[in-house]
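Structural overview
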Amino acid sequence: MGRGAGSAGAVALATASLLWGLAGQARGAEGEGPVARELQVGASRLRFYGLFRLDLIRDDSKPDNAQTPFFIPSEDPASGPRRGNNFTLHPRLTRLGLDASGPELGALSRARLDGKLEVDFQNGGRESRQIIRVRHAWARLAWRSLSLLAGQTWDLISPLYPTANNDTLMWDAGNLGDRRPQLRLSFEAPAGAGRLSVAGAAGLTGAIDGKDLDADGTRDGEASGLPNVQARLGWTRPLAGGSGRLSAGVWAHRAWEKTATPIAGDDEFRSDSVGLDLLITLRDRVTVQAEGWTGRNLSDFRGGSGQGVAAGGGVEVRSRGGWAEAGGRTSALHRIFAGISLDDPDDADLPAQGRILNRAWWIVNRIETPGPFLVGLDYVRWKTDFKGLAPGTDNRINAYVQYGY
């Protein structure tokens, strides 16, 4: 066994031992009875959650990655052999989470302390030897209206997510935002007829795309000496007659990148975006959500169809896009959603064979039993246009079974 496999095995064994030990505490002194979802450890209360999941996916034109797709490669003979059908089967979205709730800290004006750790298995490895991926890992201090979060979680910008494509969430095809290490300060006004929220964050640039344009071994975002900054102003209020709730927000980000040697005459690059989000919920049965945005050099924020700075030209790729989705319950067991998304980079900023338009539409069906079991069947019609090449078009069917706890 190689050193990498040995290290992975040691980590897996240590993790299993820890969880087994905690589960043993939850069973009680005699080790009898069912495992509790919560347990007390010192002054903190821990709550376990998660899901077991299996995905079956079939494409009639191979995407760039069968499990984590971002675009559909060109079907032009000039780009290589024509791509045919593709099938994959995986449990990588199986998830384990742990919420921690701590005591009030009198020394910090009675701040409440909480935290989260959440992992899945979409981090490479062989299909029977998947590697753990950290989704969330953060701690937070919270007062009445103010909170300070430190760790890895979702970007502050683009806070909504489509229902389709559960792992890559239509990233690079209209939806911005991912998870990254950050410090976040949030304020929520006391509840009233409406609630105002203001938040700002400083995050790691290059956490997503690892951009290193000059190949000097240092991510260009870190070489800038600055974090990216993000901000969002939000408003939430109930609809007339208690028929539902409306939430809306405006957000923006700015990031800096620097290279040790110039790229096409430039050694400093910027990334920025501005966008809007809207969520309307009608009596928990119908949901309408949408986002729209514009920006440049967005590969680290899942925009520009994954193109940040054009290769060889040093051009910050401008792009615009967004997505919209509506859905709800048709019965006690069935929910359906339909949506559309697009990411439209500026053709003039891209070299030959660059991705000039990436868009999709989808229909999501979910059968939810009264208990924790769920069956889903999603259809995504996806098309990617290229500069000087024929497009790539895919009909993607994703079936899945899920048991949450």
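Let us look at the structure shown here. (Residues numbered from 1 in each chain as written. Predicted model: local features only at pLDDT ≥ 70, side-chain atom pairs only at ≥ 80, totals over all residues. Heavy atoms only, no water.)

Further remarks concern the environment of Lys 258. Relative to the elements of secondary structure, Lys 258 occurs in strand β13 (residues 244-263). Look at Lys 258 and you get partly exposed, because its relative accessible area is 28%. Counting along the chain gives 45 residues from Lys 258 to Gly 303, while the straight-line C-alpha distance between them is 20 Å. Other than its neighbours up to four places away in sequence, Lys 258 contacts Asp 220, Ala 223, Ser 224, Asp 267 and Glu 268. A distance of 3.5 Å separates the side chain of Lys 258 from the side chain of Asp 267, its partner in a polar contact. (Helix = DSSP H or I, 4+ residues; strand = E, 2+ residues; numbered from the N terminus. Buried < 20%, exposed > 50% of the residue type's maximum accessible area, 1.4 Å probe, protein only. Contact = heavy atoms within 4.5 Å. Polar contact = N/O pair within 3.5 Å; in protein donor to acceptor, adjacent residues only side chain to side chain.)

In this model, Leu 169 sits at a positive phi of 50°, which is unusual for a non-glycine residue. Assignment of secondary structure puts Leu 169 in the loop between β9 (146-154) and β10 (179-188). Phi at Gln 353 takes a positive value of approximately 75°, unusual for a residue other than glycine. Mapped onto the elements of the fold, Gln 353 is located in the loop between β17 (334-345) and β18 (355-368).

Next up on the list: the packing of aromatic side chains. Evaluated as defined, the whole model comprises four aromatic pairs. Judged by centre distance (5.6 Å) and plane angle (35°), the rings of Phe 52 and Tyr 403 are tilted. Pair noted here: Phe 52 is in strand β2 (residues 44-59) and Tyr 403 is in strand β20 (residues 389-404), with a separation of 351 residues, a long-range link. Its relative accessible area of 44% is what places Phe 52 among the partly exposed residues. The class of Tyr 403 is partly exposed, set by a relative accessible area of 41%. Aromatic pair Trp 154 and Tyr 161: ring centres 4.5 Å apart, planes at 40°, arrangement tilted. Take Trp 154: its relative accessible area is 22%, and that puts it in the partly exposed class. One aromatic cluster in this structure is built from Phe 52, Tyr 403 and Tyr 405. (Phe/Tyr/Trp six-rings, centres within 6.5 Å; stacked < 30°, edge-to-face > 60°.)

Take the pattern of salt bridges next. In this structure the tally under the stated criterion is 32 salt bridges. Two residues, Arg 53 and Asp 55, come together in a salt bridge whose shortest N-O distance is 2.7 Å. In terms of burial, Arg 53 and Asp 55 fall into one category: buried. The network of salt bridges with shared partners includes Arg 95, Glu 118, Asp 120, Arg 133, Arg 135 and Asp 167. (Salt bridge = Lys/Arg side-chain N within 4 Å of Asp/Glu carboxyl O.)

Moving on: the nonpolar core. With 12 residues, the main nonpolar core is built from Ile 72, Ala 164, Met 170, Ala 173, Phe 337, Ala 360, Trp 362, Val 364, Leu 374, Val 380, Trp 382 and Tyr 400. When contributions to this core are tallied by element, the ones reaching two or more residues are β18 and β19 (373-386). In contact with Val 364, other than residues within four places in its own chain, are Thr 163, Ala 164, Arg 335, Ile 336, Phe 337, Leu 377, Asp 378 and Tyr 400. (Core = buried A, V, L, I, M, F, W, Y, C linked by side-chain atoms within 4.5 Å.)

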